[in-house]
Amino acid sequence: MVVNEQQSFRGTFLMYGIILLELPTLVLISTLYFTGKLGEDGWIALLIVGTLMPLAFFLFMNITLETRMDDSSFRYKSGPFQSSWKTFKKEDIKTITVHKKDGFLDYGGIGIRFSGNTKVYIFLADHVIEIETGKRKLVFSTHKPREFEEMIESWKSSKS
């Protein structure tokens, strides 16, 4: 049995929220530039804002989390920053649990968080997978809690 999951911010209310913030800003700075209110060097502000806002939007929309759990390991990768799979073998994982938690409130918001030995990958989901190894703790949001719980039970039964 294998459980695969891919999450991103595409199609969520965050995407539309960013668009609703960026478009008026771009319209305002363009209006100010073309009416001459930004002065002689206004083109620099227009260029910076007109470049950085779309780049930030496309970066945000390309952040993904892929998780995969099979009979022998748990793997994840988070694009566009991590293109190769990070693998944890079943033997290296001390505890793995699935909880109904709001990752947004419990872990300080959505996105990727690093704090000491803890790495948190939170997208818009109601459940999280918590993994503890000897060196670190990892938290992943999931839309497939039942499937991951079944794999965890399969792991526990194969250890006995």
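Just so it is clear, the structure is predicted and the values come from calculations on it, not from any experiment. Residue positions are given per chain, counted from 1 along the sequence in the order it is written. pLDDT decides what is reported in this predicted model: residues at 70 or higher carry local features, side-chain atom pairs at 80 or more are listed and counted, and totals for whole chains, interfaces and linings draw on all residues regardless. Hydrogens and waters are ignored; side-chain quantities use all the structure's heavy atoms.

**Details of the pairing of strand S3 (residues 73-77)**
Here is step 1 of the chain: In terms of residue burial, S3 counts as a mostly covered element, since 4 of its 5 residues are buried.
Here is step 2 of the chain: When DSSP finds two or more bridges between two strands, those strands count as paired. The way it works is that DSSP assigns letters per residue, a run of H or I at least four long becomes a helix, a run of E at least two long becomes a strand, and they are numbered from the N terminus. Bridging between strand S2 (residues 64-69) and S3 involves 4 bridges; their strand directions are antiparallel. Residue Thr67 lies in a different strand from S3, and its bridge partner there is Tyr76.
Here is step 3 of the chain: In textbook terms, the turn of a hairpin is the stretch between consecutive antiparallel strands, and for S2 and S3 this stretch comprises 3 residues.
Here is step 4 of the chain: Across 4 bridges, the pairing between S3 and strand S4 (residues 86-89) is antiparallel. Note on classification: 1.4 Å probe, protein chains only; a residue is buried when its accessible area is under 20% of the maximum for its type, exposed when over 50%, partly exposed between these limits.

**Brief notes about helix H1 (residues 13-34)**
Here is step 1 of the chain: A helix is expected to span 1.5 Å multiplied by its residue count minus one. If you check H1, its first and last C-alpha atoms are 32 Å apart, about what 22 residues at 1.5 Å a residue would give, namely 32 Å.
Here is step 2 of the chain: Restricting attention to buried positions, one finds in H1 the residues Leu14, Met15, Glu22 and Ile29. Projected down its long axis, H1 carries its buried residues within an arc of 85°, all on one side. Opposite the buried face of H1, by more than 90 degrees, sit the exposed residues Phe13, Leu20, Val27, Leu28 and Phe34.
Here is step 3 of the chain: Contact partners of the buried residues in H1: helix H2 (42-61).
Here is step 4 of the chain: Positive backbone phi, at 85°, marks Gly36, one or two positions downstream of H1. To obtain the arc, one takes the directions from the helix axis to the C-beta atoms. For this analysis, residues touch if any pair of their heavy atoms sits within 4.5 Å.

**Details of the sheet that holds strand S8 (residues 127-133)**
The strands making up a sheet are joined through hydrogen bonds of the backbone, oriented either antiparallel or parallel.
Here is step 1 of the chain: Across the sheet, which stays open at both edges, the 5 strands sit in the order S5-S8-S9-S7-S6 with mixed pairing between neighbours. Both outer strands of the open sheet, strand S5 (93-100) and strand S6 (111-115), are each paired with one neighbouring strand and no more. With direction set aside, neighbouring strand axes in the sheet form an average angle of 15°.
Here is step 2 of the chain: Judged from the 7 bridges that link them, S5 and S8 form a sheet pairing that is antiparallel. Following the sheet pairing, Ile93 is matched in S8 by Thr133. Angles shown run from 0 to 180 degrees and are taken between the N-to-C directions of axes, each axis being a line fitted to C-alpha atoms and, for helices, limited to the stretch in contact.

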